[in-house]
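Structural features, examined
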Amino acid sequence: SIAKSKGHSAVVALLEVNQANKYGWTQLLIACKNGHVDAARLLLDNGAAVDRATNDGRTPLYIACKNGHVDAARLLLDNGAELDRADERDKTPLDLAERYGHDAVVALLKDRISAKFPLHGAAIEGNIDAMKRLLDDGAEIDEVAGDGATPLYKACEHGHVDAARLLLQRGAEMDAGTKDGTTPLVIAERSHHSEVVALLEEHSSRKFPPHAVWSLS
């Protein structure tokens, strides 16, 4: 190549470490899929892009979490991986870790979420006391995480009806959706959290009561 012929070995190494196949899989993604932490560390030390995703939006962190590789996930987070970046189906690393029952990964992610987005973390856990303290101390009630989710969205996604009620009482925006437009109501319905669905529908009916029919004549 031109870079090699001019002796730019560092440029070549950086290009090669981030090379991907036609599906967007890089060496780092493959290492994380297999839980090869030493290989992943070597790639990162040599310039691998920590959030370089597959064509369908799966990052190395997403892949590590899906496969239960907690040490690989920790390495990626320590190297600045985006904690809550979702794939094209709006699924985050935490969603996948919970779905596949990777408890150690779930604990790691929740710990990091609580540190970065305290109100989101409390909402995920349904921790009412912590949420009240954070809100009383000025936490932004509709703060948006990387995937576009608000604390209300997270409370609804995880089925915490009391947490959702608190947020609505404090003025949370009920219809604030994620990047793909999924609202708290939609995620509650999709996750079969019937109590949360009923709460949201009741709140909506109070906020937007049926209007009287006005005659135009």
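Quick caveat, the model's predicted, so the values are computed rather than measured. Per-chain numbering applies: the sequence of each chain, read as written, is numbered from 1 onward. Two thresholds apply to this predicted model, a pLDDT of at least 70 for residue-level local features and 80 or more for giving and counting side-chain atom pairs, whereas whole-chain, interface and lining totals are computed over all residues. The basis for every side-chain value is the complete set of non-hydrogen atoms in the structure, without hydrogens or water.

1. As for helix α6 (residues 70-78)
Accessible area is worked out with a 1.4 Å probe on protein chains only. A residue is then buried under 20% of its type maximum, exposed over 50%, and partly exposed in between. Elements are defined by DSSP. Helices are runs of H or I of four residues or more, strands are runs of E of two residues or more, and each kind is numbered from the N terminus. Turning to α6, its buried residues are V70, A72, A73, L75, L76 and L77. Within two residues after α6, G80 carries a phi angle of roughly 90°, on the positive side.

2. So, the environment of K132
Here K132 shows up in helix α10 (residues 128-136). Sequence spacing of K132 and L119 is 13 residues, and the spatial spacing of their C-alpha atoms is 9.3 Å. By the convention used here, residues are in contact when the closest approach between their heavy atoms is within 4.5 Å. Setting aside its immediate chain neighbours within four residues, K132 contacts L166 and R170.

3. Description of the packing of helix α8 (residues 103-116) against helix α9 (residues 118-125)
Axis lines are fitted to C-alpha atoms, over the contacting stretch for helices. Their N-to-C directions set the angle, which ranges from 0 to 180 degrees. Packing of α8 against α9 leaves a shortest axis separation of 5 Å and a crossing angle of 135°. On the basis of the axis angle, α8 is oblique to α9. Taking contact as the criterion, the partners of K110, I113, S114, A115 and K116 in α8 are, on α9, P118, H120, G121, I124 and E125. Residues of the contact of α8 with α9, tallied by class, amount to 4 nonpolar, 3 polar and 3 charged. Angles are sorted into four bins: roughly parallel if under 35 degrees, roughly antiparallel if over 145, roughly perpendicular if 65 to 115, and oblique for all others. Note that Gly is not counted as nonpolar here; it falls among the polar residues with everything else outside the nonpolar set of Ala, Val, Leu, Ile, Met, Phe, Trp, Tyr, Cys and Pro and the charged set of Asp, Glu, Lys and Arg.

4. Considerations on the confidence of the model for the protein chain
Reading fine detail from the predicted coordinates is not recommended where pLDDT is low. For every residue, the predictor assigns a confidence score, pLDDT, that lies between 0 and 100. When pLDDT is averaged across the protein chain, the result is 90; 88% of the residues are at 70 or more. Note that pLDDT drops below 50 for residues 1-8; the model gives that stretch 4 contacts with residues more than four away or on any other chain.

5. Notes on the packing of α6 against α8
The contact between α6 and α8 brings their axes to 9 Å, and the two run at 20°. Judged by the inter-axis angle, α6 sits roughly parallel to α8. Where α6 crosses over α8, the handedness of that crossing is right-handed. When α6 is examined against α8, the residues V70, A73, R74, L77 and D78 are found in contact with a partner set consisting of A104, V105, L108, L109 and R112. A breakdown of the residues in the contact of α6 with α8 according to their chemical character gives 7 nonpolar, no polar and 3 charged. Whether a crossing is left-handed or right-handed is set by the direction in which the near helix is turned from the far one by less than a right angle, anticlockwise for left-handed and clockwise for right-handed.

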